[in-house]
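Listed here are the chains, written in short residue letters.
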Amino acid sequence: MHFGDVWIGFQKGSEFLFGVVVNFHLTIELSLQCAQNGRRQDDIANGAESDDKDSGYGRHPGKSNRWGQTSDYFCAMSLIDTHSHIYLPQFDEDLDAMIARAREAGVTKIFLPNIDLDSIPLMHKLSDRYPELCYPMLGLHPCDVKENYIDVLNTMKPMFNDRKYIAVGEIGIDLYWDKTTLDIQIEAFKIQCAWAKALALPIVIHARDSFDEIFAVMDEIHDDKLFGVFHCFTGHADQAKKVMSYGNFLMGIGGVLTYEKSGLDVVAKDIPMEYLVLETDSPFLTPKPFRGKRNESSYVKFVAEKLATVKELSYDEVIGTTSQNALKIFRP
Ligand SMILES: [Zn+2]
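Remember, it's a predicted structure, so these values are computed and weren't measured experimentally.

A. Spatial organisation of the nonpolar core. The biggest cluster of nonpolar side chains holds 76 residues, and the ones touching the most others in it are Leu112, Met137, Ala167, Met251, Ile253 and Ala304. Broken down by element, this core gets its largest block of residues, six residues, from helix α12 (residues 315–329). In this structure, Ala167 is in contact with Met137, Leu201, Pro202, Ile203, Val204, Gly228 and Phe330, ignoring residues within four places of it in sequence.

Written out as structure tokens, the structure is:
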């Protein structure tokens, strides 16, 4: 049974069914993660992947030496980076070490949004190398919607038959870099939303300077079959309310939360935890204390720490809830 279907059931009032099935699903997911974490930590302990032990990366107070204790502890420490372009050439030099740092930080899943046709083989190569950690999506980024977008989409669409993708993404509208392509960005967004509905996959939305335009499209096409994440959410409180009003969309919180002047902390404080997932958008939008440097998936822990401060929750509560939220949307 696909989670999207379960969720739809919930919206129609099958609350009891939702609770049972979801808890069952999460139990399985988290048990699997626990088992995988245990294995991975064994590898790290044996020196297989720990070429950066003294760098200070991936350390959370009191965590490194607690691996291998109870499975409940593993579950509590499972971070999911729901949006990360770590297949890009910026990671060619230190890919394995970067992955080891992510695992040491407690990251158990990394979701890879696609960009264009050229990025697909890079993304496949990474997810083939780390099949139980890195999960690809497929879609055309709004900044890459050009005149030939129909050809590009026609090339991409049959690829969904060839392998598993966990989402249609990243897709959306970006008016920061180019306003002249708005019409075709809207068309490409609509076409890819239709794919997601037909495939029962979530969508991962990129919205930059374009909430009004995205919401206009969403108001037109949204139904029970359309669900997903507004990635790198940096909107105002009203925009957060609008996202929540769709009922089956979450907001991805990344490094911008750690930027003092962003005001995102004030907005995020009032968004219920059930609507939030964590992300890095690596190699971009690096959180403090590494702002200005290349971002990587291990840094998702800094976003989690900041969110814990903002929400006045424990670190474990934040990553437990956000990881569960991520697994309500994505089926890795
Ligand atoms: Zn992205």
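B. Looking closely at helix α8 (residues 211–221). Taken together, the buried positions of α8 are occupied by Phe211, Ile214 and Met218. Seen along its axis, α8 keeps its buried residues to an arc of 65°; they face one direction. Those residues of α8 that are exposed and angled more than 90 degrees off the buried face are Asp212, Ala216, Asp219 and Glu220. On its buried side, α8 packs onto β4 (168–174), β5 (203–208) and α9 (237–245).

C. Highlighting the sheet that holds strand β2 (residues 107–112). The three strands are arranged β1-β2-β3 in an open sheet whose pairing can be described as parallel. The strands lining the two open edges of the sheet, one partner per strand, are β1 (79–81) and β3 (134–136). This sheet shows a mean twist of 20° between the axes of neighbouring strands, independent of strand direction. Looking at chain direction, β1 and β2 are connected through three bridges and run parallel.

D. A look at the pairing of strand β6 (residues 228–231). Sheet topology places β5 next to β6; four bridges connect them, and they run parallel. Paired with His206 across the bridge in β6 is His231. Handedness of the crossover joining β5 and β6 through α8: right-handed. Bridging between β6 and strand β7 (residues 249–253) involves three bridges; their strand directions are parallel.

Rules used in this analysis
Residues numbered from 1 in each chain as written. Predicted model: local features only at pLDDT ≥ 70, side-chain atom pairs only at ≥ 80, totals over all residues. Core = buried A, V, L, I, M, F, W, Y, C linked by C-beta atoms within 7 Å. Buried ≥ 20, exposed ≤ 12 C-beta atoms within 10 Å, placed from the backbone. Helix = DSSP H or I, 4+ residues; strand = E, 2+ residues; numbered from the N terminus. Contact = placed C-beta atoms within 7 Å. Arc of directions from axis to C-beta. Pairing = 2+ DSSP bridges. Axes fitted to C-alpha atoms, helices over the stretch in contact; angles between N-to-C directions. Right-handed = clockwise from strand over helix to strand, strands pointing away.

The analysis is restricted to geometry; functional conclusions fall outside its scope.
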